[in-house]
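Topology and contacts: notes
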There are 2 protein chains.
Amino acid sequence: MMGRMTQAATVYGCIEAGGTKFVLGLVASDARILARTRIATAQPAETGAAAIGWLRTAVAEHGRFAAIGIATFGPAEVLHASPRWGFMADTPKPGWSGADIAGPYARAFGVPIGFDTDVNAAAVAERRWGAAQGAENAVYITVGTGIGGGAVINGAPVHGLGHPEMGHVPVARHAEDRFGGVCPFHGDCLEGLASGPAIERRWGKSLSELPRDHPGHGIIAHYLAQLCIMLTGIAAPSRIVIGGGVSQTPGLIDAVRRETRRLSGGYFAGDPMDIIVPPGLGENSGLLGAFALARDAERG
Amino acid sequence: MMGRMTQAATVYGCIEAGGTKFVLGLVASDARILARTRIATAQPAETGAAAIGWLRTAVAEHGRFAAIGIATFGPAEVLHASPRWGFMADTPKPGWSGADIAGPYARAFGVPIGFDTDVNAAAVAERRWGAAQGAENAVYITVGTGIGGGAVINGAPVHGLGHPEMGHVPVARHAEDRFGGVCPFHGDCLEGLASGPAIERRWGKSLSELPRDHPGHGIIAHYLAQLCIMLTGIAAPSRIVIGGGVSQTPGLIDAVRRETRRLSGGYFAGDPMDIIVPPGLGENSGLLGAFALARDAERG
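Parameters and conventions
Residues numbered from 1 in each chain as written. Chains lettered and ligands numbered in written order. Predicted model: local features only at pLDDT ≥ 70, side-chain atom pairs only at ≥ 80, totals over all residues. Heavy atoms only, no water. Helix = DSSP H or I, 4+ residues; strand = E, 2+ residues; numbered from the N terminus. Domains from an automatic or database assignment. Contact = heavy atoms within 4.5 Å. Buried area = accessible area lost by both parts, 1.4 Å probe. Phe/Tyr/Trp six-rings, centres within 6.5 Å; stacked < 30°, edge-to-face > 60°. Buried < 20%, exposed > 50% of the residue type's maximum accessible area, 1.4 Å probe, protein only. Lys NZ or Arg CZ within 6 Å of the ring centre and 35° of its normal. Polar contact = N/O pair within 3.5 Å; in protein donor to acceptor, adjacent residues only side chain to side chain. Least-squares fit on C-alpha atoms with pLDDT ≥ 70 in both. Expected span 1.5 Å × (residues − 1). Lys, Arg positive; Asp, Glu negative; His and termini not counted. Salt bridge = Lys/Arg side-chain N within 4 Å of Asp/Glu carboxyl O. Nonpolar A, V, L, I, M, F, W, Y, C, P; charged D, E, K, R; others polar. Axes fitted to C-alpha atoms, helices over the stretch in contact; angles between N-to-C directions. Parallel < 35°, antiparallel > 145°, perpendicular 65-115°, else oblique. Pairing = 2+ DSSP bridges.

Let us look at unusual backbone geometry. Here the residue pair Gly74(A) and Pro75(A) is connected by a cis peptide bond, since its omega of 0° sits within 30 degrees of zero. Mapped onto the elements of the fold, Pro75(A) is located in the loop between β4 (64–72) and α2 (102–109).

Residue and element names in this part refer to chain A. Segmenting chain A into domains produces domain 1 (11–119) and domain 2 (131–279). Using C-alpha coordinates to define each centre, domain 1 is positioned 27 Å away from domain 2. Facing the seven residues of domain 1 at the interface are 11 residues of domain 2. Of the roughly 700 Å² buried where domain 1 meets domain 2, counting both sides, 65% is carbon and sulfur surface.

Let us look at the packing of aromatic side chains. The tally for this structure, following the rule as stated, stands at 16 aromatic pairs over all chains. Here the aromatic rings of Phe65(B) and Phe109(B) are separated by 5.0 Å at their centres, their planes lie at 80°, and the arrangement is edge-to-face. Placement of Phe65(B) in strand β4 (residues 64–72) and of Phe109(B) in helix α2 (residues 103–109) is noted, with a sequence separation of 44 residues between them. For the ring pair Tyr267(B) and Phe268(B), a centre distance of 5.3 Å and an interplane angle of 90° mean the geometry is edge-to-face. With relative accessibility at 22%, the residue Tyr267(B) sits in the partly exposed group. A residue is classified by how much of its surface remains accessible, and Phe268(B), at 12% relative accessible area, is buried. Grouping aromatic residues by their ring pairs yields a cluster made of Tyr12(A), Trp129(A) and Phe291(A). Geometry around Phe109(A) places Arg56(A) over its ring, the cationic atom sitting 5.5 Å from the centre.

This part takes up the side chain of Arg257(A). Residue and element names in this part refer to chain A. Along the chain, the position of Arg257 falls in helix α7 (residues 252–264). Taking the relative accessible area as the measure of exposure, Arg257 reaches 16% and is therefore buried. Among the polar contacts listed, one links the side chain of Arg257 to the backbone oxygen of Ile276, at a separation of 2.8 Å. Residue contacts for Arg257: discarding those within four places in its chain leaves Pro272, Met273, Ile276, Val277 and Pro278.

Right, let's get into the relation of the copies chain A and chain B. Overlaying chain A with chain B gives an RMSD of 0.0 Å, the required rotation being 180° about an axis along which the chain moves by 0.0 Å. Expressed as an axis order, the relation between the two copies is that of a two-fold axis. Residues of chain A ranked by C-alpha distance from the rotation axis are headed by Ala172(A), positioned 1.9 Å from it. An overlap of 100% is found between the interface residues of chain A and their copies at the interface of chain B, pointing to a shared contact surface.

Here we take up α7(A). Residues and elements named next belong to chain A. Compared with an ideal rise of 1.5 Å per residue, which puts 13 residues at 18 Å, α7 spans 18 Å between its outermost C-alpha atoms and is within 8% of the ideal. Listed as buried for α7 are Leu252, Ile253, Ala255, Val256, Arg257, Glu259, Thr260 and Ser264. Here the buried face of α7 lies against α6 (215–235), β9 (239–243), α8 (272–275) and β10 (276–277). Phi for Gly265, located one or two positions after α7, is positive at around 60°.

Residues and elements named next belong to chain B. Structurally, Glu126 is set in helix α3 (residues 118–129). Buried charge Glu126 goes without a salt bridge, the closest partner of opposite sign being Arg239 at 8.9 Å. Within the structure, the side chain of Glu126 is placed 3.1 Å from the backbone nitrogen of Leu281, a separation counted as a polar contact.

Let us now look at the interface of chain A and chain B. It is common to give the size of an interface as the accessible area that goes away when the parts come together. With 42 residues of chain A at the interface, the matching set in chain B holds 42 residues. A buried area of about 3300 Å², summed over both sides, lies between chain A and chain B, and 69% of it is on carbon and sulfur atoms. For chain A, the biggest contributors to the area lost against chain B are Leu161(A), Ile234(A) and Tyr267(A); these three give 23% of the whole. On inspection of chain A and its partner chain B, the count reaches 20 residue pairs in polar contact (both at pLDDT 80 or more). Looking at the side of chain A that touches chain B, the elements with two or more residues in it are β8 (156–157), α6 and α7 of chain A. The leading source of residues in the side of chain A that touches chain B is α6(A), at eight residues. Here the residues of the side of chain A that touches chain B sort into 26 nonpolar, 14 polar and two charged.

Bringing the packing of helix α3 (residues 118–129) of chain A against helix α9 (residues 285–299) of chain A into the picture now. All names here are of chain A. Two elements in contact, α3 and α9, have axes separated by 7 Å at closest approach and are oriented at 85°. Between α3 and α9, the angle falls in the class roughly perpendicular. Touching Ala121, Ala122, Val124, Ala125, Glu126, Arg128 and Trp129 of α3 are Ser285, Leu288, Gly289, Ala290, Phe291, Ala292, Leu293, Arg295, Asp296 and Arg299, all from α9. A per-class count over the contact of α3 with α9 returns 10 nonpolar, two polar and five charged.

To continue, consider the pattern of salt bridges. By the definition in use, this model includes 22 salt bridges over all chains. The closest approach of N and O atoms between Arg262(A) and Glu259(A), which form a salt bridge, is 2.9 Å. Here the residue Arg262(A) and the residue Glu259(A) both occupy positions in helix α7, the gap between them amounting to three residues, near one helical turn. For Arg262(A), a relative accessible area of 56% translates into the label exposed. Residue classification places Glu259(A) among the buried positions, given a relative accessible area of 13%. In this structure, Arg299(B) engages Asp296(B) in a salt bridge whose closest nitrogen and oxygen atoms are separated by 3.6 Å. Of the two residues, Arg299(B) and Asp296(B) are both situated in helix α9 (residues 285–299); the distance of three residues between them amounts to about one turn of the helix. The partly exposed category is assigned to Asp296(B), whose relative accessible area is 31%.

Bringing the sheet that holds strand β6 (residues 138–143) of chain B into the picture now. All names here are of chain B. If you trace the five strands from one edge of the open sheet to the other, you get β8-β7-β6-β9-β10, paired in mixed fashion. One side of each edge strand has no neighbouring strand; the edge strands of this open sheet are β8 (156–157) and β10 (276–277). With two bridges joining them, strand β7 (residues 147–153) and β8 adopt antiparallel strand pairing. Paired with Val152 across the two strands is Pro157, which belongs to β8.

Okay, structure coming up:
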């Protein structure tokens, strides 16, 4: 239109802060990923400085930040009302307990910051653009090095006393599984029995490396199905998105669906075949989750 | 004030619709219970007519209804968007599957109707006036003839695909418990192992009739503690209110707190001793829950 000046595009700084790597992205308001990189997770100050450096350079090329979203590994303080908002809580990861995660970005860029767990952020993104669109309640579970979960209930991510820690729920043992579990806190909680390290410790291989007829597939599906039933019983989600490295084992999602259906005994509303789904955003659930947090932070 | 006419007080019709009895009440806007009665639950039409009759007589004495709240046993259709809102869903209770619960009251009184599960309503009431005041997320569990639960998350009761059915979650067996469970759908789910009928079938008595040193107390606490950990892991509530007949067994709430703490292994935020509490509204959680639904329906 005449008289309208050309402006640089508005972009969002997106940070998926993981325990082994940070994925950084610049995302446009229409959710296109304009640039991305990954850096290894070192100590908090060093990692934050490297991330800020990349974001500064990238934003200089693409426009200006409207907001920044941080989807972080946990435990972290996600409650806005808390004076420790934006900090890590106690974590066994050396150097990270009590680290200020959000602060450096706020000081460097002076824009609104969204901050939540990586799994809550992924639940928001999958509900907004992915496999859980239109879901009244949506859950995102990751099954990998650890097991975690986030949820959107009544339109917003679930916080509370801390935030959800879905990997550490108790489960009933599979009759053929005598493994003691790897969780340092609980031994044979869900994460202790069904995470990647639990699988490798028990059978010497990852789940996808085991033969298709290995009993490990059924055992892991049995445990993950129990979490699906707990979620259904407690939060009645219409979508449970299962992501993370272990979830990519061929056939696993289908096995979890069938086992959930079997254990349900026809009791709950809805069909596990429809409810349990792989991520619609593929490997971008986390980065687009950070984008969703940035958009929400911008709106205040 | 001069010129102001004396008006009859505004009252709310409150219905706690249970499988064995309906508790009816007239409640003033300051939550005082002005009148109450109970009627046995017969067939839906007959029970509804009796309830409407009592409410008509009572309201004639006390004022006029601003709204009516119905806190019902389940499963029921609680989603406003559903064409079956206000109806029962499939239930083993003879005559009640698909019954129209809310409709007769709407037609008889022409006022806004609030309709939710008895446990969701109790969670709302306990968070508003009872033991869960100020809780970011609050859960109400009832342990009696069945086990059920409702929750307030992000400021509103949890609906979804149906509504929560917290009694039917899987649990890890207590090492000394060989009982097969009484749940017709799942056998040894939580309700199958820890409800009143499961206790009576297993030990021939109610939990309060068993000697204080009977292992049944520890076994039931072990199962209820697992639900508390699932709730904590999935929804991070700052209060879990445990009501219902079985929960009144002397010492049980404390045993559940201790077992939850033991099973938690110090992992979760908060202390089960603070989180797990008896109802603050005593036996009125359900009726005042219906009142809360009525108030919310009035506000639209």
